[in-house]
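Coordinates in review
What follows is each chain in one-letter form.
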Amino acid sequence: MKRVPEPEFDFRLLAGILCGSATVVLAMKWMRRRRTAGKIRAAQARREEGLRQMEDAVRRFQRQQKGVNMNKILSLSLVELTAQLKDGSIGPENVLCAYMWKALEVHRQLNCLTGYLPECEDQVQEMKKQKEKGLLYGVPVSIKEHYGYKGHDSNCGLACYLGIPESTDSVIVQVLKKQGAIPFVKTNIPQSMFSFECSNPIYGQTLNPLNHKKTPGGSSGGESALIGGGGSVLGFGSDIGGSIRVPASFCGLCGFKPTGGRLSLKGIAGPVHGLLAVPISIGPMSRDVDSLVLCMKALLCEDLFRLDHNVPPVPFNAEIYSSSAPLRIGYYDSDGYNMPVPCMRRAVQETKMLLEKAGHTLIEFTPPRINYMSTELYMRGLFADGGSTFLDAFHGDIIDSNLQPQISIYKLSRWTKKILSFILRPMFPRISKELDALCGVRSAKEVWAQHAAVQMYREEFADEWKSLKLDVLLCPVLGPALNIGLLGKMTAGGTNTHLFNVLNFSAGIVPVTTVTEEDEEQLKHYKGHYNDHWDKLLKKAATGGVGLPVAVQCVALTWQDELCLRFMKEVEQVTHMSKMKF
């Protein structure tokens with residue numbers, strides 16, 4: 001019987017198939033990139049059209065209301081402004097015109113706006129017909145890009161969310177409107193909002209109003225830039241690791257992160273949902289503490305409690321805020337893991353002395369296990385899935401250069417992170433531990449264990465706090481404003497703010513001093529606690545900061561938001577009195 005020869009394997013056919021498959025993959029990637037680029041161009045065109053509408057509105061208002069002193073309006077504090085709006089000394093259309101005019105000027109310098117909300121023009125006319133005037137009657141307010149506003153995107157700086165207008169206002173925007181506030185612009189953010197920088201491929205880089213070589217911070221950087229430049233009297237940000245507090249610190253503002261859950265998150269967009277280990281908060285930013293207090297009084301109202309049943313129906317407690325009883329204040333100028341640069345430590349020590357002179361008791365406090373909190377609770381909790389959900393939002397997107405270092409690490413396989421963590425452990429223990437934490441957890445059992453660990457740490461921290469009978473805590477914040485392009489390469493600098501997200505404590509920022517020549521000289525000798533890559537980056541990023549604002553962080557326990565604000569006011573007052581003497 002004749003043997004049938006076996007067919008030869010056609011390597012040319014295989015090569016053709018592989019080449020064809022590769023060509024198809026490359027073609028699909030090219031098409032996705034092209035679609036993304038098209039969506040970005042369309043978004044940029046919408047922004048430019050909106051800003052032209054805004055300019056037209058300003059010119060129209062100016063023709064109708066001749067002789068209005070806009071600079072006088074812009075010089076008023078929020079409390080002064082609301083008083084004059086309510087007694088009719090100033091018309092709401094004049095205030096809106098003044099802030100639109102100033103916001104456009106600031107935007108041209110800093111690139112801080114993502115869009116105009118033209119509905120504000122109709123709102124201001126409707127408001128004049130109403131008899132009841134809310135606590136924020138006639139006040140133009142700015143909102144961070146991801147706050148839901150009907151008919152406008154909440155894209156989080158990501159192309160995949162472009163062109164999807166919101167069907168309704170977020171609860172906070174609804175409450176603001178009911179209190180008479182007029183949302184008039186949205187402000188810029190870092191791509192995905194997981195960064196202390198402020199840039200994205202859609203709207204570009206936002207600059208610091210006090211020094212254009214510095215970042216305004218993130219992720220509420222557009223807000224801090226606009227308010228710091230005088231283009232808004234009251235703005236709203238969000239905070240999952242310091243995203244209200246760091247921009248406030250960088251731009252010389254007061255910013256407040258309430259206890260997570262005190263204000264509604266309904267209608268607030270984000271690239272990752274379902275995070276329980278690290279609660280997110282939303283809150284106000286302004287030029288002084290009184291503005292934050294007025295804002296919180298306005299927001300904590302029946303409308304908020306009715307619109308979101310998840311928010312505890314607890315109005316603002318004016319009695320706690322108005323108390324003048326001396327406080328027992330814990331303090332520290334370094335958490336033992338991430339050493340602040342010299343000016344930030346000086347700010348804490350000087351504020352401590354001023355508070356003691358004012359009759360308060362200051363007790364040194366050591367926050368427990370910050371290295372454990374930073375890696376095992378914050379980072380592992382935030383990236384419990386190894387970052388896969390976060391990375392999904394970037395599919396087919398253009399990665400912002402400031403975020404690229406982080407994205408490159410998140411994309412590494414679990415085993416690659418483990419191996420690199422092992423190799424780096426002897427020389428760079430902080431970086432090693434963070435790489436291991438970025439592996440996340442592997443099962444529901446481990447998720448529950450991680451959540452339990454967070455709760456145990458909260459109890460441990462609170463027990464230490466109560467053993468010293470503390471009312472509040474004074475500590476540093478990241479700052480001063482850092483040079484653009486370096487924050488994406490380090491994450492350890494955020495431990496001073498990350499801590500209070502894990503704990504879900506209320507926390508706020510108050511500027512107290514400025515960077516001096518002596519601070520700059522001392523910075524040359526800065527080595528941090530580890531003298532590792534992150535410490536060297538922080539030193540490099542902080543250089544050239546003479547004259548920039550320096551802030552401290554004020555903290556109170558969970559649900560003690562009014563006490564935190566009261567403490568912030570104490571710090572603001574003793575600082576002001578100290579400056580008056582000189």
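Residues numbered from 1 in each chain as written. Predicted model: local features only at pLDDT ≥ 70, side-chain atom pairs only at ≥ 80, totals over all residues. Heavy atoms only, no water.

Strand order in the open sheet formed by 11 strands is E1-E3-E2-E6-E8-E7-E12-E13-E11-E9-E10, with mixed pairing between adjacent strands. Unpaired on one side and paired on the other, strand E1 (113-116) and strand E10 (361-364) mark the two borders of the sheet. Direction aside, neighbouring strands of the sheet carry axes that sit 30 degrees apart on average. Bridging between strand E2 (residues 140-144) and strand E6 (residues 235-239) involves 2 bridges; their strand directions are parallel. Residue pairing across strands places Ser142 opposite Gly235, the latter belonging to E6. With respect to the sheet, helix H12 (residues 342-357) is in contact with strand E9 (328-331), E10, strand E11 (472-475), strand E12 (506-514) and strand E13 (549-556), its orientation differing from that of E13 by roughly 60 degrees. With respect to the sheet, helix H19 (residues 495-502) is in contact with E6, strand E7 (254-257), E11, E12 and E13, its orientation differing from that of E13 by roughly 20 degrees. (Pairing = 2+ DSSP bridges. Helix = DSSP H or I, 4+ residues; strand = E, 2+ residues; numbered from the N terminus. Axes fitted to C-alpha atoms, helices over the stretch in contact; angles between N-to-C directions. Contact = heavy atoms within 4.5 Å.)

With respect to the helices and strands, the residue Thr513 is situated in strand E12. Reaching out from Thr513, the side chain makes a polar contact with the side chain of Arg346 at a distance of 3.4 Å. The residues touching Thr513, leaving out its near neighbours within four places in the chain, are Arg346, Ala347, Glu350, Leu548, Pro549 and Val550. (Polar contact = N/O pair within 3.5 Å; in protein donor to acceptor, adjacent residues only side chain to side chain.)

It is worth spelling out the layout of surface pockets at this point. Quantified by volume, the largest pocket comes out at close to 600 Å³. Looking at the largest pocket, it is lined by 30 residues, and the ones nearest its centre are Leu265, Leu275, Val278, Pro279 and Ile280. Per-class residue counts for the lining of the largest pocket are 15 nonpolar, 11 polar and 4 charged. (1 Å grid on protein atoms, 1.4 Å probe; cavity = no way out; pocket = protein on both sides within 12 Å on 5 of 7 lines; lining within 4 Å. Points joined across faces, edges and corners; volume = space filled by probe spheres on them. Nonpolar A, V, L, I, M, F, W, Y, C, P; charged D, E, K, R; others polar.)

On inspection of all chains with the given rule, the structure shows 0 disulfides. Lacking any disulfide linkage, Cys254 is separated from the closest cysteine sulfur, that of Cys554, by 8.9 Å. Classification of Cys254 as buried rests on a relative accessible area of 1%. Here Cys475 is not cross-linked by a disulfide; its sulfur's nearest cysteine counterpart is in Cys554, at 8.1 Å. (Disulfide = S-S within 2.5 Å. Buried < 20%, exposed > 50% of the residue type's maximum accessible area, 1.4 Å probe, protein only.)

Per the stated rule, a full pass over the model turns up 28 salt bridges. Close ionic contact of Glu105 with Lys102 constitutes a salt bridge, the shortest N to O distance being 2.7 Å. Remark: Lys102 and Glu105 occur in helix H4 (residues 92-110); sequence separation between them is 3 residues, near one turn of the helix. Taking relative accessible area as the criterion, Lys102 reaches 18% and is therefore assigned buried. With a closest N to O distance of 2.8 Å, Asp239 and Arg245 form a salt bridge. Each member of the pair, Asp239 as well as Arg245, carries the same accessibility label: buried. Among the ionic contacts, a cluster of salt bridges with common partners joins Glu376, Arg380, Lys418 and Asp436. (Salt bridge = Lys/Arg side-chain N within 4 Å of Asp/Glu carboxyl O.)

With that settled, the discussion passes to the pairing of E13. Within E13, 8 of the 8 residues are buried, which leaves the element mostly enclosed by the surrounding structure. Burial of E13 is two-sided: the residues Pro549, Ala551, Gln553 and Val555 facing one way and the residues Val550, Val552, Cys554 and Ala556 facing the other way are all buried. Taken together, the 3 bridges between E11 and E13 define a ladder with antiparallel strand orientation. Directly across from Leu474, in E13, lies its bridge partner Cys554. In this sheet, E13 lies alongside E12 in antiparallel orientation, the contact comprising 8 bridges. Paired with Ala507 across the strands is Val555, a residue of E13.

Our next topic: helix H3 (residues 78-86). Within the sequence span of H3, burial applies to Leu78, Leu81, Thr82 and Leu85. Looking down the long axis of H3, one finds its buried residues gathered within 95 degrees of arc, a one-sided arrangement. Packing partners of the buried residues in H3 comprise helix H2 (70-75), H4 and helix H9 (289-299). One or two steps after H3, the chain reaches Gly88, where phi turns positive at roughly 85 degrees. (Arc of directions from axis to C-beta.)

As paired strands, E9 and E10 are joined by 4 bridges and run parallel to one another. Residue Gly330 lies in a different strand from E10, and its bridge partner there is Ile363. Each parallel crossover has a hand, and the one from E9 via H12 to E10 is right-handed. (Right-handed = clockwise from strand over helix to strand, strands pointing away.)

This part takes up empty space enclosed by the protein. The final tally for this structure, using the stated rule, is 5 cavities of 30 Å³ or more. Taken as a whole, the largest cavity spans an internal volume of roughly 260 Å³. Together, 18 residues line the largest cavity, and Phe194, Ser195, Phe196, Tyr378 and His498 are the ones closest to its centre. If you list the elements that add at least two residues to the lining of the largest cavity, you get helix H13 (370-382) and helix H15 (404-410). When grouped by side-chain class, the residues that make up the lining of the largest cavity number 11 nonpolar, 7 polar and no charged.

Now for the packing of H13 against helix H17 (residues 429-437). It is the contact of H13 with H17, at a shortest axis distance of 9 Å, that shows an interaxial angle of 25 degrees. On the basis of the axis angle, H13 is roughly parallel to H17. For H13 against H17, the interelement crossing comes out right-handed. Contacts between H13 and H17 involve Asn371, Thr375, Met379 and Arg380 from the former and Lys433, Glu434, Asp436 and Ala437 from the latter. (Parallel < 35°, antiparallel > 145°, perpendicular 65-115°, else oblique. Left-handed = near helix turned anticlockwise from the far one by under 90°.)

What follows is about the packing of H13 against H19. Axis separation between H13 and H19 bottoms out at 10 Å; the angle between their running directions is 60 degrees. Comparing the axis directions of H13 and H19 gives the class oblique. The two elements H13 and H19 cross, and the hand of that crossing is left-handed. Here H13 contributes Ile370, Met373, Ser374, Leu377 and Tyr378 to the contact with H19, which in turn contributes Thr495, His498, Leu499 and Val502. Residues that form the contact of H13 with H19 fall into these classes: 6 nonpolar, 3 polar and no charged.

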